[in-house]
Amino acid sequence: MERRHFLKSAGLGVAAGTTLLAAPVQARETAAPKKNAPWLAARTEEQIAKLERVKVDLVAPPMVHKHEQKVGPEPRVVEFRMTISEREIEVDRDGTTMHAMMFDDSMPGPTMVVHEGDYLELTLVNPATNTMPHNIDFHASTGALGGAKLTNVNPGEQATLRFKADRSGTFIYHCAPEGSVAWHVVQGMHGTVMVLPRDGLKDSAGNPLHYDRVYTIGEFDLYIPRDEKGNFKKYGSSAESYGDTLEAMRGLIPSHVVFNGKVGALMGDGAMKAKVGETVLFIHSQANRDTRPHLIGGHGDWVWELGKFDDPPAKNLETWFIRGGSAGVALYTFKQPGVYAYVNHNLIEAMELGAAGHVLVEGDWNDDLMKQVSPPGPIKA
Ligand SMILES: [Cu+2]
């Protein structure tokens, strides 16, 4: 009832229901509970209380907290804590500002890693210094609008939510306060949960895959209002910016498209790093709008563009696709040194609006893979 009411108030109710009913019935693999997966068994509160508890300190993106890739079959309760901040940030090199809302003071919020069957337990803190109520909707969870119904916190309050991470993959989380969901999301409130299979990642033939480093990239489409002269407007507060921002959002044309909160955030001192021979996992989340990541000079060796590890990964991709409202993953083993660009390959969004970062790779050049046979020079007869 509650969900129906919610959808109806968002103007989505009838269309969504009709589509579901009209879906053709076809023979296919079901998403039924997995066999031979005791970690997914239903547990009573007493049984959950006996599970091992692990407390994890989150780290700021693009880094991801330390974690194991493979673990034993016994699930754990993994505790996280995030604090919400509201503050003005610079979003480009010209000093354009926005009143951001953030989980743990970063865009995206920190990435949380657990394993399939674990219970994720988050304490969400909304300090009294903030002005707005917030909450969290986990796409990895089941029920209560993703947890949003159970985590509404006013300034000065906190709440703790536990959910069973019973599907592997990368899933976004985001704030979703009734009446202003889109605004809180585009102002910065999204991040990723990665639920790893307990026996690690596998390629499409079932062989184990391992990564040496992981980076998390959150892409944000921003809608900064302009004045009559076309200059970006500056506001004294979040509330003051709301009306104009909503109008800009309704135009569906972002003023900026940025990785990790600002044009150039993943360049220079903020660039990602790797070495030749290292395998890097790139997590890419976009809570609101589609994007198409590409590594210039590289590939996606193994890509879960839908982000769900029960699916076999695609291989050798040039460009992959992250649907607005999801997170996907690409694995790449670097073979050449140099500066790589990691971009949204709508190149206008990358080069003009900001959706680009760098990966600095050390190591020896491989002439077999590429060689400059003769450098640029005058045309010869
Ligand atoms: Cu919020």
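Criteria and cut-off values
- Sequence order as written defines residue numbering, which begins from 1 separately in each chain.
- pLDDT decides what is reported in this predicted model: residues at 70 or higher carry local features, side-chain atom pairs at 80 or more are listed and counted, and totals for whole chains, interfaces and linings draw on all residues regardless.
- Here the side-chain values reflect all heavy atoms present in the structure, with hydrogen atoms and water set aside.
- UniProt positions are given in the numbering used here, feature names are shortened, and annotations may be inferred rather than shown by experiment.
- Two strands pair under a simple rule: DSSP has to find at least two bridges between them.
- Only DSSP runs of H or I with at least four residues qualify as helices, and only runs of E with at least two residues qualify as strands; both kinds are numbered from the N terminus onward.
- A fitted line through C-alpha atoms represents every axis, and for helices the fit uses only the stretch in contact; the resulting angles, taken between N-to-C directions, go from 0 to 180 degrees.
- Each metal site lists N, O and S donors within 2.8 Å (3.2 Å for Na, K and Ca). With water left out of the atoms, a site can look as if it is missing ligands.
- Burial classes follow relative accessibility: with a 1.4 Å probe on protein chains only, a residue under 20% of its type's maximum area counts as buried, one over 50% as exposed, and anything between as partly exposed.
- For this analysis, a salt bridge means a side-chain nitrogen from Lys or Arg found within 4 Å of a carboxyl oxygen belonging to Asp or Glu.

Per an unreviewed UniProt entry, the chain is named Copper-containing nitrite reductase, and its organism is Alcaligenes aquatilis. The UniProt entry for the chain carries this comment under Catalytic activity (unreviewed entry): "nitric oxide + Fe(III)-[cytochrome c] + H2O = Fe(II)-[cytochrome c] + nitrite + 2 H(+)".

1. Focus on the sheet that holds strand β13 (residues 256-259)
Picture the strands of a sheet paired through backbone hydrogen bonds; they go either parallel or antiparallel. Judged by pairing direction, the sheet is mixed, and its six strands sit side by side in the order β13-β12-β15-β19-β17-β18 without closing on themselves. With partners counted over all chains shown, the strands left at the sheet margins are β13 and β18 (314-317), one partner each. Adjacent strand axes in the sheet meet at a mean angle of 25 degrees, parallel and antiparallel pairs treated alike.

2. Describing the sheet that holds strand β6 (residues 137-138)
What the four strands build is an open sheet, ordered β4-β9-β8-β6; its pairing is mixed. This sheet does not close on itself; its edge strands, each paired only once, are β4 (112-115) and β6. Where β6 and strand β8 (residues 169-174) come together, two bridges link them in antiparallel fashion. Paired with Phe138 across the two strands is Tyr173, which belongs to β8.

3. Looking at the coordination of the copper ion
For the copper ion, the full set of protein donor atoms is His134 (ND1), Cys175 (SG), His184 (ND1) and Met189 (SD), and the range of their distances to it is 2.0 to 2.5 Å. Read from N- to C-terminus, the donor residues coordinating the copper ion fall into the pattern H-x40-C-x8-H-x4-M. Each member of the pair, Cys175 as well as His184, carries the same accessibility label: buried.

4. A word on the pattern of salt bridges
Inspection of the entire model under this criterion finds 14 salt bridges. For Arg162, the salt bridge goes to Glu45, with nearest N and O atoms at 2.8 Å. Of this pair, Arg162 sits in strand β7 (residues 157-164) while Glu45 sits in helix α3 (residues 45-50), placing them 117 residues apart in sequence. A relative accessible area of 49% places Glu45 in the partly exposed class. Between Glu349 and Arg289 there is a salt bridge, with the nearest N and O atoms lying 3.1 Å from each other. One end of the pair, Glu349, is in helix α6 (residues 347-352); the other, Arg289, is in the loop between β15 (279-286) and β16 (293-296), with 60 residues separating them in the sequence. Glu349 gets classed as buried once you look at its relative accessible area, which sits at 9%. Counted as one network, the salt bridges with shared partners bring together Arg53, Glu79 and Glu121.

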